[in-house]
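Take a look at the letters that make up each chain.
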Amino acid sequence: MTDRTTSSRPAAHPVLSVRDFSVDYLGPHTVEAVQHVSLELGRGEILGLAGESGCGKSTLAYGITRLLRPPALITSGQAVFHSREGYEIDISALTGQELRQFRWDKIALVLQGAMNSLNPVISIRSQLEDVFTCHRPGMGRRERWRRCGDLLERVGVDRRRLRAYPHELSGGMRQRVMIAMALALDPQILIMDEPTTALDVVVQREILDEITRLRQEFGFAVIFITHDLPLLLEIADRIAVMKAGRIVELNDSFELYTDPRDPYTKRLLASFPSLLGERGDFIRAGADNLGPGEPGRKAE
């Protein structure tokens, strides 16, 4: 495990503050997808966001970056960005060109499923170049091409791959391209939504090592979203566990592993087998950690 430099306490130097944040999906039966979430992301920190599918992890990320589509609606709270220069930006209040300029420049998002995120009929260079065309209109073509090549090499891909199309790259290389695109404008926050889910374990390890190296080199903070709690225990400084739209536990990674406080966290930890020791009944172990009245507990 990495050295722990943060704890369950709020970050001393936050780069992002999420306060009482709620998102609903409106309709005949309104769904409260995110319910009054509050958390802080420290500068240079990796904050893990764990939980089962459908618990609201991605909805929270899209809400923070203002990428929600109808019928989703932010119903309460705010997300505040704290710049290196000392000023604050209420992301929830941004509109139009201000919001477009803020995204990718200050906060960037790596989506899960790189093949679905990249345009299959446009070359890698053109897709990387679009970031500079939109956000750095004064940059010349040669400079854009040079920066695109530098970005690929930064994430361990040969710059000759700029001429390639997404289908000509492996899954790991496509994911590296997405990371390069997110880092194009040197953002201070990188939100990664299950970036290694579709990759085999060897490529997954390479991507995680790359993320750690880049974070140390450039100092950006990361919100790493995944259902894989053991993965977060290895790379994250702190972990927030999410269930049914709420944060049920937020703690230092080591403390969360050694002394989980919420029954749901205990069940998540119990659902992954150990590489050492005797076989265990993980269904029974998870049931034993259910609280009274929770789904799945048999009546005594």
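Structure: see above.
Now for a quick tour of the structure. (Residues numbered from 1 in each chain as written. Predicted model: local features only at pLDDT ≥ 70, side-chain atom pairs only at ≥ 80, totals over all residues. Heavy atoms only, no water.)

### A closer look at the layout of surface pockets
Note the following rule: Only protein atoms enter the 1 Å grid, on which a cavity is a set of points fitting a 1.4 Å probe that cannot get out and a pocket is an open set with protein on both sides within 12 Å along at least 5 of 7 lines, lining residues being those with an atom within 4 Å of a point. Grid points are joined across faces, edges and corners, and a volume is the space filled by probe spheres set on the points. Strands are runs of DSSP state E lasting at least 2 residues, helices are runs of H or I lasting at least 4, and numbering of each runs from the N terminus.
If you add up the space inside the largest pocket, you get close to 660 Å³. In terms of lining, the largest pocket is formed by 21 residues, of which the most central are Leu 67, Trp 104, Leu 111, Ser 117 and Met 181. For the lining of the largest pocket, the secondary structure elements donating two or more residues are helix H3 (114-117), helix H4 (124-135) and helix H6 (171-182).

### A closer look at H6
Using the following cut-off: One less than the residue count of a helix, multiplied by 1.5 Å, gives the span that helix is expected to have. For every residue, the accessible area (1.4 Å probe, protein chains only) is compared with the maximum for its type, and the residue is labelled buried under 20%, exposed over 50%, or partly exposed between those bounds.
Look at H6: 17 Å from first C-alpha to last across twelve residues, which is about the 16 Å you get at 1.5 Å a residue. Summarising burial for H6: ten of the twelve residues are buried, a large majority. Burial in H6 covers these residues: Gly 172, Arg 174, Gln 175, Arg 176, Val 177, Met 178, Ile 179, Ala 180, Met 181 and Ala 182.

### With respect to the packing of aromatic side chains
Using the following cut-off: Two rings from Phe, Tyr or Trp (for Trp, the six-membered ring) form a pair when their centres sit within 6.5 Å of each other. Planes less than 30 degrees apart are called stacked, planes more than 60 degrees apart edge-to-face, and all others tilted. Two conditions define a charge sitting above a ring: the NZ of Lys or the CZ of Arg must be within 6 Å of the ring centre, and it must be within 35 degrees of the ring normal.
Within this structure, the stated rule accounts for one aromatic pair. Between Phe 81 and Phe 102, the aromatic rings sit 5.4 Å apart at their centres with planes inclined by 80°, giving edge-to-face as the arrangement. Taken as a pair, Phe 81 in strand S4 (residues 72-82) and Phe 102 in helix H2 (residues 96-102) lie far apart in primary sequence, 21 residues in all. Assessed through its relative accessible area of 5%, Phe 102 is described here as buried. Its end group placed over the ring of Trp 145, Arg 125 keeps NZ or CZ at 4.2 Å from the ring centre.

### Quick look at the sheet that holds strand S3 (residues 46-50)
Sheets are built from strands paired through backbone hydrogen bonds, the pairs being either parallel or antiparallel. Using the following cut-off: Pairing between two strands is assigned when DSSP locates at least 2 bridges connecting them. The axes used here are C-alpha line fits, helices contributing only the stretch in contact, and every angle between their N-to-C directions lies in the interval 0 to 180 degrees. In what follows, residue pairs with any heavy atoms lying within 4.5 Å of each other are defined as contacts.
In space, the six strands of this open sheet follow the order S6-S7-S8-S3-S9-S10, with mixed pairing throughout. The open sheet has two edge strands, strand S6 (107-110) and strand S10 (246-252), and neither has a second partner. Between one strand axis and the next, the sheet turns through 15° on average, direction left out of account. Of the strand pairs in this sheet, S3 and strand S9 (residues 238-243) are connected by four bridges, and their pairing is parallel. Bridge pairing links Ala 50 to Val 241 in S9. Running at roughly 150° to strand S7 (residues 189-193), helix H1 (residues 57-64) makes contact with S3, S6, S7, strand S8 (221-226) and S9 of the sheet. Sitting on the sheet, helix H10 (residues 263-270) touches S9 and S10, and the angle it makes with S9 is about 105°.

### Considering the nonpolar core
Short version of the rule: Among the buried residues, those of types Ala, Val, Leu, Ile, Met, Phe, Trp, Tyr and Cys that are joined through side-chain atoms within 4.5 Å form a nonpolar core.
Ile 179, Leu 190, Met 192, Phe 224 and Ile 239 are the most contacted members of the largest nonpolar core, which totals 49 residues. With six residues, H6 is the largest single contributor of residues to this core. Residues in contact with Leu 190, not counting those within four places in the same chain, are Ala 108, Val 110, Ala 182, Leu 183, Phe 220, Ala 221, Val 222 and Ile 223. Val 23, Val 37, Leu 47 and Ile 191 belong to the second largest nonpolar core, which has 32 residues in total.

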